[in-house]
Amino acid sequence: MFRLSKLTDYAVVVLIRLSAVDGVQTSPGVAQATGVPEPTVGKVLKALSAAGLVASQRGARGGYRLMRPLSAIPVSDVIIAIDGPIAMTACVEGSGSACEASCTCPVRGRWDAVNDAVREALAAITLADMAPPARSFLAAPGFSIPAE
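Keep in mind that this is a model prediction, so the values were computed, not measured.

Rules and cut-offs
Residues numbered from 1 in each chain as written. Predicted model: local features only at pLDDT ≥ 70, side-chain atom pairs only at ≥ 80, totals over all residues. Heavy atoms only, no water. Core = buried A, V, L, I, M, F, W, Y, C linked by side-chain atoms within 4.5 Å. Buried < 20%, exposed > 50% of the residue type's maximum accessible area, 1.4 Å probe, protein only. Helix = DSSP H or I, 4+ residues; strand = E, 2+ residues; numbered from the N terminus. Contact = heavy atoms within 4.5 Å. Salt bridge = Lys/Arg side-chain N within 4 Å of Asp/Glu carboxyl O. Axes fitted to C-alpha atoms, helices over the stretch in contact; angles between N-to-C directions. Parallel < 35°, antiparallel > 145°, perpendicular 65-115°, else oblique. Left-handed = near helix turned anticlockwise from the far one by under 90°. Nonpolar A, V, L, I, M, F, W, Y, C, P; charged D, E, K, R; others polar. Polar contact = N/O pair within 3.5 Å; in protein donor to acceptor, adjacent residues only side chain to side chain.

Ranked by size, the top nonpolar core spans 28 residues in total, and within it Leu-18, Leu-48, Val-54, Val-78 and Leu-127 carry the most contacts. Of all the elements in the fold, those that place two or more residues in this core are α1 (6-20), α2 (27-34), α3 (38-50), β2 (63-66), α4 (75-83) and α5 (111-124). The element that contributes the greatest number of residues to this core is α1, accounting for six residues. For Val-78, the residues in contact, after removing those within four places along its chain, are Thr-8, Ala-11, Val-12, Leu-15, Leu-53, Ile-73 and Leu-127.

This part takes up the pattern of salt bridges. As enumerated under the stated definition, the model contains two salt bridges in all. Notably, a salt bridge pairs Arg-68 with Asp-77, separated by 2.9 Å at the nearest N-O pair. Taking the relative accessible area as the measure of exposure, Asp-77 reaches 26% and is therefore partly exposed. The residue Asp-116 makes a salt bridge to Arg-119 at a minimum N-O spacing of 3.7 Å. Pair noted here: Asp-116 and Arg-119 are both in helix α5, with a separation of three residues, about one helical turn. By relative accessible area, which is 31% here, Arg-119 ends up partly exposed.

Time to look at the packing of α2 against α3. Geometry of a packed helix pair, given as the angle between the helix axes and the separation of the axes. Taken N-terminus to C-terminus, the directions of α2 and α3 make an angle of 120 degrees; their axes are 9 Å apart at the nearest point. One element, α2, and the other, α3, form an angle in the oblique class. Of the two possible hands of crossing, α2 and α3 adopt the one that is right-handed. Here Ser-27, Pro-28, Val-30 and Ala-31 of α2 come into contact with α3, specifically with Glu-38, Val-41, Gly-42 and Leu-45. When its residues are assigned to classes, the contact of α2 with α3 shows five nonpolar, two polar and one charged.

Moving on: α2. One turn of an α-helix holds 3.6 residues; hence residues three or four places apart share an orientation. Burial within α2 is extensive, with six of its eight residues counted as buried. Buried positions along α2 lie against α1, α3 and β2. Structurally, the start of α2 carries an N-cap: the backbone nitrogen of Gly-29 is 3.0 Å from a side-chain oxygen of Thr-26. Within two residues after α2, Gly-35 carries a phi angle of roughly 85 degrees, on the positive side.

Let's shift gears to the environment of Gln-25. When you line up the elements, Gln-25 lands in the loop between α1 and α2. Spatially, the C-alpha atom of Gln-25 lies 7.5 Å from that of Gly-62, the residues being 37 residues apart in sequence. Beyond its immediate stretch of four places on either side in the chain, Gln-25 contacts Arg-17, Leu-18, Val-30, Gly-63 and Tyr-64. Separated by 3.2 Å, the side chain of Gln-25 and the backbone oxygen of Arg-17 make a polar contact.

Function cannot be read off these values alone, since they describe shape.
Written out as structure tokens, the structure is:
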């Protein structure tokens, strides 16, 4: 079964949470609002920052903010930021790994079309498509805006 990691799922939750409030939010604040453990939020934010999806701001009023709106962040970008290249099998182009049977494999290179279709589908869905309506998101248990 093809399944995304929990970290990728958490990354989507964190990014949607960052979009709910103007300005910067702290890692502990995001953790409290989402119910995701703070060390996990920190790890996710670090990876998202390295990928250019969020920016960090140091200092007493520091925290994290989105670099672009949810409508400009495809799900594929989040997956790549957390899990690495999207590759259905080890032998697809750009997977970064090798298959021991590649020399004799009868379907070598045939997975590329499937992989491309999955990548295109994931690139066509943005986080805005996945975000709940703002009112229900802010009213949901565990998703309150902390007073800062």
